[in-house]
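# Fold and geometry: a report
Below are the chains, spelled out letter by letter.
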Amino acid sequence: MRERAGGRWPRGSGPALYLAGFFAFILAEVSLLVWVSTQIGWWTLGLLMVSTVLGAYLLQREWRKAWQQLSESVKTGSLPPGRTADAVLVLLGGFMLIMPGFITDIIGLLLLLPFTRPGVRSVLGGWAGRMVPGAPTTPGGTVIRGEVIEPEDGPGGAGTQGDGIVFPAISPEAQEPEDS
């Protein structure tokens, strides 16, 4: 069994874990539907229909706003961060609200409402950043303290070669003594 960086799962078990998670989600959704129907009876069907109609309305309204913002961004040539993610979250949220079920309705509302979407976007962005192999999770690394020394005028000055390429230099005064 090979170990991966995130834990001790055998290689190739990813699809099985996703499938198990999907079935657990379906089981939770059906269990909640059965519980709610035992509590309020046939009103459960009405509640599901109202959530579907509300989801279709909110999807139409929020998608129209997201599409207009994307179109304006493309026309001006600048795409502010989060616009594309907002459009995807709106589409996914509307789809979740249209699907029958209470858990999907809650997730859909979180994705669709404009005041909850930035929080969901940042959480999903952080999660996606950790899932990309080799991506830095936090800025860091080795920090070398120093100061920039401007090159003197003319070819061959301090910090330059004859062809004008500038090389960084660290002044001896800016270096800190090493800890022993």
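A quick note: this is a predicted structure, and the numbers were derived from the prediction, not measured.

## As for the overall build of the protein chain
Tallying secondary structure elements over the protein chain gives 5 helices and 0 strands in all. Looking at the protein chain residue by residue over its 180 residues, the buried ones come to 20%. At a minimum sequence separation of 6, the contacts of the protein chain that also span at least 24 residues come to 48%. Total accessible area on the protein chain stands at roughly 13,800 Å², and carbon and sulfur atoms take up 66% of it.

## Quick notes on the environment of Gly101
Tracing the backbone shows Gly101 in the loop between helix 3 (83-98) and helix 4 (102-112). It is 6.7 Å that separates the C-alpha atoms of Gly101 and Leu33, two residues lying 68 residues apart in sequence. Excluding residues within four positions of it along the chain, Gly101 makes contact with Glu29, Leu33 and Leu48.

## What about the side chain of Thr44?
Looking at the element boundaries, Thr44 is found in helix 2 (residues 43-76). Relative accessible area serves as the criterion here: at 6%, Thr44 is assigned to the buried category. Polar side-chain contacts of Thr44 include one of 2.9 Å to the backbone oxygen of Gly41. Discounting chain neighbours no more than four positions away, the residues touching Thr44 are Leu33, Val36, Ser37 and Phe102.

## Topic: helix 3
With 16 residues, helix 3 extends 23 Å from end C-alpha to end C-alpha; this agrees with the ideal 22 Å at 1.5 Å per step. Among the residues of helix 3, Asp86, Ala87, Leu89, Val90, Gly93, Gly94, Met96 and Leu97 are the ones counted as buried. Considering only its buried residues, helix 3 is in contact with helix 2, helix 4 and helix 5 (117-131).

## Observations regarding the nonpolar core
Leu58, Leu59, Val90, Leu97 and Leu112 form the largest nonpolar core, which has 5 residues in total. Contributions of two or more residues to this core are made by helix 2 and helix 3. Contacts of Val90, omitting those with residues within four sequence positions, involve Leu59, Glu62, Trp63, Leu111, Leu112 and Arg117.

## A few points about the side chain of Glu29
When you line up the elements, Glu29 lands in helix 1 (residues 14-40). The side chain of Glu29 is buried and forms no salt bridge, while Arg117, the nearest opposite charge, is found at 20 Å. Here the side chain of Glu29 touches Phe102 through a polar contact of 2.7 Å, landing on its backbone nitrogen. Within polar-contact distance, the side chain of Glu29 engages the backbone nitrogen of Thr104 at 3.1 Å. Ignoring anything within four residues of it in the chain, the contact list for Glu29 reads Gly101, Phe102, Ile103 and Thr104.

## Remarks on helix 2
Over its 34 residues, helix 2 extends 49 Å from the first C-alpha to the last, a length consistent with the 50 Å expected when each residue adds 1.5 Å. For helix 2, the full list of buried residues reads Thr44, Leu48, Ser51, Gly55, Leu58, Leu59, Glu62, Ala66, Leu70 and Ser73. Next to the buried residues of helix 2 lie helix 1, helix 3, helix 4 and helix 5. At the exit of helix 2 stands Gly77, carrying a positive phi of roughly 85°.

Conventions used here
- Within each chain, residue numbers correspond to sequence positions counted from 1 in written order.
- Side-chain atom pairs in this predicted model are given and counted only at pLDDT of 80 or more, local residue features only at pLDDT of at least 70, and totals for whole chains, interfaces and linings cover all residues.
- To get the side-chain values, take all heavy atoms of the structure and skip hydrogens and water.
- Runs of H or I in DSSP of at least four residues are treated as helices and runs of E of at least two as strands, each being numbered from the N terminus.
- Using a 1.4 Å probe on the protein chains alone, a residue whose accessible area is under 20% of its type maximum counts as buried, one over 50% counts as exposed, and one in between counts as partly exposed.
- Any pair of residues with heavy atoms lying within 4.5 Å of one another is described as a contacting pair.
- Accessible areas in this description were obtained via Shrake-Rupley with a 1.4 Å probe; residue shielding takes into account the shown protein chains only.
- Definition of a polar contact: a pair of N or O atoms within 3.5 Å, with one able to donate and the other able to accept a hydrogen when the atoms are protein atoms, and with sequence-neighbouring residues admitted only if both atoms are side-chain atoms.
- A helix is expected to span 1.5 Å multiplied by its residue count minus one.
- Nonpolar core, defined: a set of buried Ala, Val, Leu, Ile, Met, Phe, Trp, Tyr and Cys residues in which side-chain atoms within 4.5 Å join the residues together.
- Counting rule applied: Lys, Arg positive; Asp, Glu negative; His and chain ends not counted.
- Any carboxyl oxygen of Asp or Glu within 4 Å of a side-chain nitrogen of Lys or Arg constitutes a salt bridge here.

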